Amino acid sequence: MRVFVDCDPGIDDAVALAYLAARDEVEIVGVGAVFGNNSVDVTADNALRLLDLYGRPGVPVAVGAGRPLVQEPRLAEHVHGGNGLGDVELPAPSGKPVRESAAELLVNLVRAAPGEIDVLAVGPLTNLAIAIGLEPELPRLVRRLVVMGGAVRAPGNVSSHAEANINNDPEAAEAVFAAGFDLDLVALDITMETVATPEWLAALKEVPGERAERTSAFLDFYSDFYAGLFGVRQCAMHDPLAAAVLVDPHLVTGAYETPLRVELSGGLTRGMTVADLRPRPARDERRPARVITGVAEEEFLGRMLDALR
Ligand code: BDR
Ligand code: CA
């Protein structure tokens, strides 16, 4: 399968790239970088370094949006470190970003292979919204879109109701949800339930080799942050779980379909991902997304460890 990854690496973005890179059947056709966990220059540079680390040098990496469509950017150095990778220094990248923007790269790739490319979006959705502006047929040209983002029934993580990727660019997310993609949503509803346990993190420390060692060092920083939330040293694996839903759909054990919207104006709820969950929802022209509610956790954790071996 052919996959375009739009991301803001980012520690869990790194593990998502590792998950995909470890799979021979996955061709990573391009990577778009976006602001989010850090500035876009840093996330693009990290994407290049990570592709080297995980054995996929030469994948085109494009610099994308440096800021949201409307609001001011907010970064997450307290979660991902000053360099976006837990302050772990990786060797300088072997390549440079391509000339095209992330949105242009995505549009060019899917125009050349209509209906053949899946998109994994694990950062703010700004690049995708810009790409829809460039090519309104994007939702038909992309085969399947898996988004890590949102909190539908679960609480938010950057405010009571909003999740970081959606909240970092609510207008962009709303444009993507409205566009009519074949869309799977991997929201906090499932990512906060399917975590890298203390045992899994300990098992990773036993895996020899540079990939596992570096990734374990990223996750040391990340689990320091998450220990404050969970009360134990474990961490959410938001972005790799979305990668798994894309490439290993048999891991999905539960999902429901609903049209999604993003609250753009609420003083308390701006950035909230809204579904009409009433037994008899209002009529809605919007194409429903599939919200993932269950995954085979043990197999996911095993596959994530295998990816880092
Ligand atoms: C999402 O926000 C980012 O910090 C993570 O990389 C993930 O994509 C989780 O809310
Ligand atoms: Ca991310």
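That block above? That's the structure.
So, here's what we can say about the structure. Predicted model, so just to flag it, every value in this text is computed and none were measured.

Section: the state of the cysteines
Note: disulfide means a covalent bond formed between the sulfur atoms of two cysteine side chains. On inspection of all chains with the given rule, the structure shows zero disulfides. This cysteine, C7, is not joined by any disulfide, and C235 carries the nearest cysteine sulfur, 18 Å off. For C7, a relative accessible area of 1% translates into the label buried.

Brief notes about the coordination of the calcium ion (ligand 2)
For a metal bound by four donors in a tetrahedral arrangement, the ideal donor-metal-donor angle is 109.5 degrees, while six donors in an octahedral arrangement ideally sit at 90 or 180 degrees. Protein coordination of the calcium ion (ligand 2) is provided by D8 (OD), D13 (OD), D13 (OD), V122 (O) and D239 (OD), with donor distances spanning 2.3 to 2.6 Å. Linear spacing of the donor residues for the calcium ion (ligand 2) on their chain is D-x4-D-x108-V-x116-D. Within this pair, whereas D8 is found in the loop between β1 (2–7) and α1 (11–21), its partner D239 is found in helix α12 (residues 238–247), the two being separated by 231 residues in sequence.

Quick notes on the pattern of salt bridges
If you walk through the whole model with that rule in mind, you get 23 salt bridges. A salt bridge links R270 to E171; the nearest nitrogen and oxygen atoms lie 3.0 Å apart. Residue R270 is located in the loop between β10 (261–262) and β11 (273–274), and its partner E171 is located in helix α8 (residues 170–178); the two are separated by 99 residues in the primary sequence. With its nearest N and O atoms 2.5 Å apart, the salt bridge here joins D224 to R233. Salt bridges sharing common partners tie together R23, E25, D248, E299 and R303.

Points about the packing of aromatic side chains
Under the definition given, this model contains four aromatic pairs. Here Y19 and F300 contribute two aromatic rings whose centre-to-centre distance is 6.2 Å and whose plane-to-plane angle is 35 degrees, an arrangement assigned as tilted. Residue Y19 is located in helix α1, and its partner F300 is located in helix α13 (residues 297–307); the two are separated by 281 residues in the primary sequence. Accessibility assignment for this pair places Y19 and F300 in one class, buried. Taken together, a centroid distance of 4.9 Å and an interplanar angle of 70 degrees make the contact between Y222 and Y226 edge-to-face. Placement of both Y222 and Y226 in helix α11 (residues 210–230) is noted, with a separation of four residues, approximately one turn of the helix. In this structure, Y222 and Y226 share a single accessibility class: buried.

Topic: the sheet that holds strand β3 (residues 61–63)
Ordered in space as β3-β2-β1-β4-β5-β6-β12-β9, the eight strands form an open sheet in which the pairing is mixed. Two strands close off the open sheet at either side, each with one partner strand: β3 and β9 (252–258). Between one strand axis and the next, the sheet turns through 20 degrees on average, direction left out of account. Two elements, strand β4 (residues 117–121) and strand β5 (residues 142–148), share four bridges in a ladder whose sense is parallel.

Thresholds, definitions, all that
- The residue count restarts for each chain, going from 1 along the sequence in the order it is written.
- Throughout, the order in which chains and ligands are written sets their labels, letters from A for the former and numbers from 1 for the latter.
- Residues qualify for local features only when their pLDDT is at least 70, as the model is predicted, and side-chain atom pairs are given and counted only at 80 or more; totals for whole chains, interfaces and linings, by contrast, use all residues.
- Computation of side-chain values: all heavy atoms of the structure, hydrogens and water removed.
- Put simply, a disulfide is two cysteine sulfurs that come within 2.5 Å.
- Accessible area is worked out with a 1.4 Å probe on protein chains only. A residue is then buried under 20% of its type maximum, exposed over 50%, and partly exposed in between.
- Each metal site lists N, O and S donors within 2.8 Å (3.2 Å for Na, K and Ca). With water left out of the atoms, a site can look as if it is missing ligands.
- A helix here means a DSSP run of H or I that spans at least four residues, while a strand means a run of E at least two residues long, and both kinds are numbered starting from the N terminus.
- Note on definitions: salt bridges are taken to be side-chain nitrogens of Lys or Arg within 4 Å of carboxyl oxygens of Asp or Glu.
- Within 6.5 Å between ring centres, the rings of Phe, Tyr and Trp (the latter by its six-membered ring) count as paired, and their orientation is classed by plane angle as stacked under 30 degrees, edge-to-face over 60, tilted in between.
- Two strands are counted as paired when DSSP detects at least two bridges linking them.
- As a rule, the C-alpha atoms of each element are fitted with a line to give its axis, helices using only the stretch in contact, and angles between N-to-C directions run from 0 to 180 degrees.

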